Amino acid sequence: MTARTADVLLVGAGAMSATLGVMLKQLDPSIKIIMVERLDHVAQESTDGWNNAGTGHAAYCELNYTPKKPDGSIDTTKAFNINAAFEQSLQFWSFLVEQKALPNPSHFINTAPHCSFVWGEENVAFLRQRHQLLSAHPMFADMEYSEDRDVISRWMPLVMQNRKAGEPVAATRVPYGTDVNFGDLSRLMVDYLGHQPDFDLLVAHNVNSLVKQPDGRWLVQAQNKADGHITPITANFVFLGAGGGALPLLQKTGIAEGHGYGGFPVSGQWLVCTKPEIVEQHHAKVYGKAPLGAPPMSVPHLDTRIMNGKKSLLFGPFAGFTTKFLKYGSYMDLIKSIKPSNIGPIMSVGMKNMDLTRYLISESLQSHESRVKALKNFFPDVSADDWELSIAGQRVQIIKKDPTGGGKLEFGTEVIVSADGSMTALLGASPGASTAVQAMLTILERSFGDKLKTPEWQAKLKEMIPSYGESLIDNTELLNSVRQRTLSVLQLNRQS
């Protein structure tokens, strides 16, 4: 059977693969790309609208990105890095809008002020200190802070309505925070790719094997789920951007860089309200502090969601224990992922994180009433009848070996690259799609280094992402310039 050939094979059709595919096509229109997706449609797993919160993660409101150190001080390193990474995504999306590769930005991104809200003296002191540290830098200079109930009521009426008097409260607000429909954004990017030469999309195909050939290329077997037909594909470069499915695929490659990695799957649920009389009273993404014992990705937040021009409210996430790596996956995913190379780290993490496991199990067993009780902290006048449960996408947190030979649980994203750069995989979860451009730039640098050094690629990258190669954290003039442009092009500079 003659194999189909490609310069680049993208496995998975979500935000990451779509971003990499469009970047490569912009850099080299002649590059031949094949994208393989196991589901019948594009961007139906974690990327899809209801499978995530749609927060454009910029560290404006997410308190878990500014953790307290043992000495009581606040670590802002992650907040600055995430903000800079999201600015790169905004620049790239702005470029695509200007090039007419994406339609009117309201199709995939809208303004939703990013707010933090806390109560209790200790939490108020934390938020005050956080604001002082962040707002002193130009990146966060527009962040407002208040302990005034009237001011906070204007920012988030539902949150303050009939709230207990005398309780210390505080909030911060950045007016140009974003709500992003990553599902529609990804589908729009794949649609753009579909109109370019030398691009093929295979949906409803499982990748069964990935074998390195003597000539350095990869032979990949893609099986049609409907009739079982095998399509062999040879590719110079393979990207595993399959979300929770990336780890099992990485294990199939046998590359040394993938040894020892495991996955800790976490399910998610939301409470959703679509009643216009309630929805119209809240326009913001309001993040609080995670409950004691909760994982960092379970920070509660009350969000405006805008999809297909229609607003709704979302509250959560409610985490849960699962053995699936994908929403439309198998309960055997976790068991099948256990290998001799990672069983030690997995067992080590399991023993160290029994409290987390118990927490996730208790979360999954919650009643509707107990979930509504949690929402009551953010919406005192909530009525249980106005909210319905929605199942979110799966997240697979990284388990990796630590220096002692045990294992540690990671809550970010990680790029795995083979020694020769021909095989890459993206593992992990939040901030995920928000920082897709930064992650894909890392892959370009590590797998397409020679081409990246050419004047043509350098010029094109600077056109797509004007801040490429420079630090937005250190260069205030550049930060102000790119931010002014992106807010204008993406129509995010309207005051809300």
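Right above here is the structure, for reference.
Within every chain, residues take consecutive numbers counted from 1 along the sequence as written. Local features are withheld for residues below a pLDDT of 70 in this predicted model, meaning they are given only at 70 or higher, and side-chain atom pairs are given and counted only at 80 or more; totals for whole chains, interfaces and linings count all residues. To get the side-chain values, all heavy atoms of the structure are used, and hydrogens and water are removed first.

Peer 1: Account for the overall build of the protein chain, naming residues and giving values.
Peer 2: A tally of regular secondary structure across the protein chain gives 16 helices and 20 strands. Rg of the C-alpha trace for the protein chain: 22 Å, near the compact-globule value of 23 Å for 496 residues, within the 12% margin. Each of the three principal axes of the protein chain carries a C-alpha extent, and together these read 75 × 50 × 45 Å. The contact criterion used is simple: two residues touch if any of their non-hydrogen atoms lie within 4.5 Å. Pairs at least 24 apart in sequence give 72% of the contacts found in the protein chain among residues at least 6 apart. In these tables, accessible area is a Shrake-Rupley quantity obtained with a 1.4 Å probe, and a residue counts as shielded only by the protein chains included in the view. Carbon and sulfur atoms form 52% of the exposed surface of the protein chain, whose accessible area is close to 20,000 Å². We count Lys and Arg on the positive side and Asp and Glu on the negative side, and we leave His and both chain ends out. Charged side chains are reduced to one point each, which is NZ for Lys, CZ for Arg, CG for Asp and CD for Glu. Across the protein chain, the centroid of the 47 positively charged side chains sits 3 Å from that of the 49 negatively charged ones. Helix and strand definitions here come from DSSP, where helices need a minimum of 4 consecutive H or I residues and strands a minimum of 2 consecutive E residues; each element is numbered from the N-terminal end. With the radius of gyration taken over C-alpha atoms, the globule rule is written as 2.2 Å times the number of residues to the power 0.38.

Peer 1: A description of the packing of helix α2 (residues 77-98) against helix α15 (residues 455-464) should follow, citing residues and the corresponding values.
Peer 2: Interhelical geometry of α2 versus α15 gives an angle of 95 degrees and a closest axis separation of 8 Å. What the angle tells us is that α2 and α15 run roughly perpendicular. Residue-level inspection shows Q91, F92 and F95 of α2 in contact with α15, the latter providing K460, E463 and M464. Polarity classes work like this: nonpolar for Ala, Val, Leu, Ile, Met, Phe, Trp, Tyr, Cys and Pro, charged for Asp, Glu, Lys and Arg, and polar for all others, with Gly in that last group. Class assignment of the residues belonging to the contact of α2 with α15 gives a composition of three nonpolar, one polar and two charged. Under this scheme, a helix contributes an axis fitted over its contacting stretch, all axes are lines through C-alpha atoms, and angles between N-to-C directions fall in the 0 to 180 degree range. Angles are sorted into four bins: roughly parallel if under 35 degrees, roughly antiparallel if over 145, roughly perpendicular if 65 to 115, and oblique for all others.

Peer 1: I'd love a proper account of the pattern of salt bridges, names of residues and values included.
Peer 2: By convention in these notes, a salt bridge is any Lys or Arg side-chain nitrogen within 4 Å of a carboxyl oxygen on Asp or Glu. Inspection of the entire model under this criterion finds 21 salt bridges. As a salt-bridge pair, R187 and D48 come within 3.0 Å of each other at their nearest N and O atoms. Here R187, found in helix α6 (residues 182-194), pairs with D48, found in the loop between β2 (33-36) and α2; they are 139 residues apart in sequence, far enough to count as distant. For R187, a relative accessible area of 26% translates into the label partly exposed. Among the ionic pairs, D179 bridges to K285, the shortest N-O distance being 2.9 Å. One end of the pair, D179, is in strand β7 (residues 178-180); the other, K285, is in strand β13 (residues 285-287), with 106 residues separating them in the sequence. Exposure class is identical for D179 and K285. Each is buried. Buried, partly exposed and exposed residues are distinguished by accessible area as a fraction of the type maximum, computed with a 1.4 Å probe on protein chains only: under 20%, between the cut-offs, and over 50%, respectively.

Peer 1: Quick one: what's the story with helix α10 (residues 343-352), residue by residue and with numbers?
Peer 2: Those residues of α10 that fall on the buried side of the exposure criterion are P345, I346, S348 and V349. In a view along the axis of α10, the buried residues occupy a sector of 165 degrees, so they form one face of it. Its buried side turned inward, α10 meets β12 (262-273), β17 (395-401) and β18 (407-410). Arc, as used here, means the arc of the directions from the helix axis to the C-beta atoms.

Peer 1: Residue-level account of unusual backbone geometry, with values.
Peer 2: Going from G316 to P317, the amide bond is cis rather than trans, its omega being 0 degrees. Along the polypeptide, P317 turns up in strand β15 (residues 310-321). Phi at A43 takes a positive value of approximately 55 degrees, unusual for a residue other than glycine. For A43, the position within the fold is in the loop between β2 and α2. Even without a glycine there, the phi angle at D198 is positive, about 60 degrees. Note on placement: D198 falls in the loop between α6 and β8 (199-202).

Peer 1: So what about helix α3 (residues 121-135)? Which residues, and what values?
Peer 2: If you check α3, its first and last C-alpha atoms are 21 Å apart, about what 15 residues at 1.5 Å a residue would give, namely 21 Å. Residues of α3 that are buried: V124, F126, L127, R130, H131 and L134. Projected down its long axis, α3 carries its buried residues within an arc of 160 degrees, all on one side. Residues of α3 that are exposed and point over 90 degrees away from its buried face: E121, E122 and Q132. Contacts made by the buried residues of α3 are with α2, β4 (114-119), β5 (144-146) and β6 (169-174). Here the expected length of a helix is defined as 1.5 Å per residue gap, with one fewer gap than residues.

Peer 1: Please set out the pairing of strand β10 (residues 218-224) residue by residue, giving values where relevant.
Peer 2: Going residue by residue along β10, you find W218, V220, A222 and N224 tucked away on one face and L219, Q221 and Q223 left uncovered on the opposite face. Strand pairing follows a simple DSSP-based rule, namely that at least 2 bridges must link the two strands. Strand direction decides the pairing type here: strand β9 (residues 205-212) and β10, joined by seven bridges, are antiparallel. The partner of K212 across the bridge, within β10, is W218. The antiparallel pairing of β9 with β10 creates a hairpin that spans five residues between the two strands, and G216 there sits at a positive phi of about 95 degrees. Counting the residues in the hairpin turn of β10 and strand β11 (residues 230-240) gives five residues, including G228, whose phi is positive at 80 degrees.

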